[in-house]
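Working through the structure, step by step
Chain by chain, the residues:
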Amino acid sequence: MASRLTTSNRAGWTFALPGFSLIALFIILPFFFAFGLSLTNQRLVSPNPTQYVGLDNYRELLDLGVITLEPERDEAGALLRDDDGNLEYPRVREITRSDDYPQYSGMREWFRWHSGDIAKVVVASDVVFMKSVVNTLAFVVVVAPVQAAFALLLALLINQRLRGINLFRTIYFMPVVVSIVVVSLLWRFIYSGNDGLLNNLLGAMTFGAWQPIDWLGNTDTALGSIMAMSIWQAVGFHMVIWLAGLQTISPTLYEVAKIEGASKWQTFRYVTWPGLRNTAVLILIVITMQAFAVFAQIDVMTGGGPLDSTQTLVFQAVERGYGKQDISGGATISVILFLLVLSISLVQRYLTRERR
Amino acid sequence: MAHVSLKGVCKSFGRTEVIKGVDIEIEDGEFVVFVGPSGCGKSTLLRMIAGLEDITAGTLEIAGKVVNDVPPKDRGIAMVFQTYAIFPHMTVRENVAFGLTINGVPKAEKAEKVAEAARILQMEHLLDRRPSELSGGQRQRVAIGRAIVRDPAVFLFDEPLSNLDAALRMDMRLEIGKLHQDLGATMVYVTHDQVEAMTLADKIVVLKDGEVMQVGSPMELYHHPANLFVAGFLGAPSMNFISVETQAVSDGRARVTNAALDPIEVSTTGRDIQTGSKAILGVRPQYLVPSATPSEGMLHGNVLLTERLGAETVVEVGLKDGTRVIAALGEDRVLEPGIEIGLGFDPAQAHLFAEA
Ligand SMILES: Nc1ncnc2c1ncn2[C@@H]1O[C@H](COP(=O)(O)OP(=O)(O)O)[C@@H](O)[C@H]1O
Ligand SMILES: [Mg+2]
């Protein structure tokens with residue numbers, strides 16, 4: 001008995017070995033490698049020896065400060081105003097470059113707000129990184145719920161027994177099997193400011209009243225455009241997961257609802273949605289993780305621009321590690337991203353835990 | 001008055017005809033059991049009464065009103081399913097109150113009705129549990145509770161006990177019988193189990209391949225089966241059938257015999273049997289009496305197998321013409337395999353059927 005157990009175990013391990021070693025080689029090892037790199041000043045190619053720098057890389061990315069600026073006054077104490085009538089403030093550069101304020105040295109203005117006459121300026125040692133954090137979070141906050149909701153809607157629609165329903169299933173799923181790079185290239189044409197499909201479409205629908213927009217070249221619309229395209233691209237994938245969840249719900253429960261005369265909405269509320277609980281948790285976590293990893297769209301469509309309005313964490317990690325050859329900086333960003341995703345996933349797990 | 005009447009009811013799924021013109025009258029307050037082998041269309045028939053399946057042809061009346069096109073909730077029915085169909089995410093209380101919740105019944109009235117149903121089913125102590133904490137029998141009780149609070153004119157049961165183990169099945173069977181007495185409602189009960197049919201029914205409808213074989217009280221069907229199918233289906237062990245030749249027919253009686261059977265006279269009432277034709281003689285195992293000497297009795301053969309159950313002995317006998325028959329004796333008796341044996345019976349308890 002015991003010998004049979006060990007031999008079958010050995011066979012099991014043998015089967016698991018290829019997959020397991022690949023995972024170890026390409027996922028587990030690089031993760032620890034990245035963590036190690038983030039504590040050094042390693043560059044991709046460098047004549048200088050690598051040095052241990054502790055948490056310097058993290059400090060360089062994460063350091064923040066708030067500077068309070070008093071408006072400028074003339075000798076009489078009256079407030080100075082520029083030609084437009086706005087208050088004048090000292091230049092932030094005079095503080096961040098001054099030796100009197102070593103804590104702000106090397107930082108740049110991220111954003112500012114006013115309270116009364118006083119201006120509060122938030123300075124960061126790495127403004128681009130900060131923008132990429134904000135953009136990534138915005139991307140997740142918009143894409144995760146919207147994509148999940150659309151995917152559920154589609155799943156509900158195609159979960160009906162209608163003639164030709166398979167055609168729709170195929171159509172909705174198609175973008176998923178096309179490479180994201182190809183999809184991104186296509187959408188660059190769609191979003192094009194000159195003669196893009198979207199502008200043409202809007203023009204036709206408004207009988208020419210529409211003023212063409214360069215969707216990806218405009219700081220106000222670039223990130224939103226990428227979000228819309230990303231939602232469209234992966235919605236089919238999550239639709240299939242929802243569909244699998246829908247089909248685990250016993251048809252008899254729907255018959256019970258029918259006998260009681262439940263409306264469509266009541267049926268969804270009391271039968272469908274509770275039956276999808278586990279699927280919903282899965283989808284929420286998967287979409288969140290995928291959204292945090294947004295890269296290819298950015299790389300192909302905007303390269304982080306215009307004016308850093310579409311910078312994201314993974315794009316920054318790659319850009320730094322390989323574009324700027326600052327491999328330790330890139331590694332640091334990926335470790336930060338990992339911790340961010342991990343903590344959010346843990347929070348999600350906790351919030352969606354089975355309550356008794 | 002909840003009289004249910006089916007007239008020429010047919011059902012087809014695509015090209016396959018599943019119910020082939022069924023006429024059934026169910027009186028108010030009656031307990032009617034549809035019984036038949038698996039796949040004969042019992043569930044389909046019940047689901048048509050419930051309104052879960054369209055009626056292809058014919059009319060269905062409930063309480064004097066044609067309800068072919070009335071939605072399930074307005075038919076005054078409640079249904080209990082084999083798989084319980086209770087909602088796993090709701091407590092017992094919420095499950096029982098489901099229909100009331102859907103229909104926006106005020107809280108106080110809801111609580112009162114749930115309490116009443118719980119009292120009838122003696123499950124007050126279960127109300128705050130979740131289905132996962134209940135046994136199969138308790139779950140089915142919850143489903144019955146949900147049916148009771150609807151206060152239906154007609155209860156529909158689709159094999160409610162088939163998922164329960166044997167001991168529990170008997171308890172629940174008694175309870176459903178009692179429920180019928182207490183509520184006095186019309187009940188239609190589907191089962192493939194003839195014991196349930198015999199014990200519960202006021203009236204049994206035997207179905208085969210979508211057609212009604214016979215309708216009548218349990219004892220009517222047991223003692224006067226209309227055909228071979230009904231004779232073989234009801235009673236355990238099932239009736240013995242022996243091919244015989246008809247020597248003479250007169251005055252509603254026929255003289256029959258075969259290689260293993262001494263000529264006897266049996267009634268032919270209602271059967272189309274001619275002199276010289278082949279016929280089938282049916283005798284229930286309980287009416288076969290083995291005699292000590294092989295030459296006695298009317299049937300002659302050898303013992304093949306004896307099963308001693310204590311209070312009962314089941315003997316399989318190979319007759320001289322090759323037929324195997326079963327005799328069930330109401331006592332413990334040792335009959336060695338191989339010995340010659342004679343089996344006697346009262347011709348009044350024998351049935352003669354025309355060759356199928
Ligand atoms: N939705 C359906 N589509 C096609 N055939 C069906 C459907 N439902 C039942 N049938 C067929 O109808 C016949 C009767 O089914 P059913 O009423 O469930 O039998 P029973 O309950 O007596 O076991 C079976 O042959 C079954 O295959
Ligand atoms: Mg059935």
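Residues numbered from 1 in each chain as written. Chains lettered and ligands numbered in written order. Predicted model: local features only at pLDDT ≥ 70, side-chain atom pairs only at ≥ 80, totals over all residues. Heavy atoms only, no water.

Residue and element names in this part refer to chain A. All buried positions along helix α7 (residues 197-205) are accounted for by Asn199, Leu202 and Gly203. For α7, the angular spread of buried residues about the axis comes to 105°, placing them on one side. Facing away from the buried side of α7, by more than 90 degrees, are the exposed residues Leu197, Ala204 and Met205. Following α7 by one or two positions, phenylalanine 207 adopts a phi angle in the positive range, close to 55°. (Buried < 20%, exposed > 50% of the residue type's maximum accessible area, 1.4 Å probe, protein only. Helix = DSSP H or I, 4+ residues; strand = E, 2+ residues; numbered from the N terminus. Arc of directions from axis to C-beta.)

For the rest of this paragraph, the subject is the site of ligand 1. Residues and elements named next belong to chain B. By nearness alone, every residue bordering ligand 1 is listed as Phe13, Val18, Ser38, Gly39, Cys40, Gly41, Lys42, Ser43 and Thr44. In the model, an oxygen atom of ligand 1 is placed 3.0 Å from a nitrogen or oxygen of the glycine 41 main chain. In the environment of ligand 1, an oxygen atom lies 2.5 Å from a nitrogen or oxygen atom belonging to the side chain of threonine 44. At three residues, the largest contribution of residues to the shell around ligand 1 is made by helix α1 (residues 42-50). For the shell around ligand 1, a count of residues per class yields three nonpolar, five polar and one charged. (Near = heavy atom within 4 Å. Polar contact = N/O pair within 3.5 Å; in protein donor to acceptor, adjacent residues only side chain to side chain. Nonpolar A, V, L, I, M, F, W, Y, C, P; charged D, E, K, R; others polar.)

A few words on the interface of chain A and chain B. Tallying the contact residues gives 15 residues for chain A and 23 residues for chain B. The contact between chain A and chain B buries some 1,700 Å² in all, and 66% of this surface belongs to carbon and sulfur atoms. Contact with chain B buries area across many residues of chain A, yet Ile259, Glu260 and Tyr270 of chain A alone supply 40% of it, more than any other trio. Counting across the chain A and chain B interface gives two salt bridges. Of the charged contacts in the structure, one is a salt bridge between arginine 47 of chain B and glutamate 255 of chain A, with a shortest N-O distance of 2.7 Å. Inspection of the region where chain A meets chain B yields six residue pairs in polar contact (both at pLDDT 80 or more). Those elements giving two or more residues to the side of chain A that touches chain B turn out to be α9 (251-259) and α10 (264-275) of chain A. Here the side of chain A that touches chain B gets seven residues from one element, more than from any other, and that element is α9 of chain A. Taken together, the residues of the side of chain A that touches chain B break down into eight nonpolar, three polar and four charged. (Contact = heavy atoms within 4.5 Å. Buried area = accessible area lost by both parts, 1.4 Å probe. Salt bridge = Lys/Arg side-chain N within 4 Å of Asp/Glu carboxyl O.)

What follows is about the UniProt feature "transmembrane region" (unreviewed entry) in chain A. Residues and elements named next belong to chain A. If you check UniProt for "transmembrane region" (unreviewed entry), the listed places come out as residues 12-37, 137-158, 170-190, 222-244, 279-298 and 327-347 in our numbering. The span residues 137-158 carries 100% helix and 0% strand; its end-to-end C-alpha distance comes to 31 Å. The span residues 279-298 is 85% helix and 0% strand, and its two end C-alpha atoms sit 29 Å from each other. (UniProt positions renumbered as here; feature names shortened; annotations may be inferred.)

Turning next to the packing of helix α4 (residues 127-158) of chain A against helix α5 (residues 165-177) of chain A. All names here are of chain A. Contact pair α4 / α5: the axes reach a minimum separation of 10 Å and the direction vectors enclose 160°. Comparing their axes, α5 and α4 come out roughly antiparallel. Both α4 and α5 take part in a crossing whose hand is left-handed. Along its contact with α4, which presents Leu154, Leu157 and Ile158, the element α5 presents Ile165, Phe168, Arg169 and Tyr172. Along the lines of polarity and charge, the residues of the contact of α4 with α5 split into six nonpolar, no polar and one charged. (Axes fitted to C-alpha atoms, helices over the stretch in contact; angles between N-to-C directions. Parallel < 35°, antiparallel > 145°, perpendicular 65-115°, else oblique. Left-handed = near helix turned anticlockwise from the far one by under 90°.)

A few words now on the nonpolar core. Phe34, Leu45 and Leu156 of chain B are the most contacted members of the largest nonpolar core, which totals 62 residues. If one sorts the elements of this core by residue count, α4 of chain A sits on top with seven residues. Beyond its immediate sequence surroundings of up to four residues, leucine 156 of chain B is in contact with Leu46, Ile49, Ala50, Ile77, Ala78, Met79, Val80 and Val188 of chain B. In this structure, Ile86, Leu127, Leu179 and Tyr222 of chain B belong to the second largest nonpolar core, which totals 48 residues. (Core = buried A, V, L, I, M, F, W, Y, C linked by side-chain atoms within 4.5 Å.)

On to the UniProt feature "domain: ABC transporter" (unreviewed entry) in chain B. Look at the UniProt record and you will see "domain: ABC transporter" (unreviewed entry) annotated at residues 4-234 of chain B. Across residues 4-234 of chain B, helical content stands at 36% and strand content at 26%; the span's end C-alpha atoms are separated by 25 Å.

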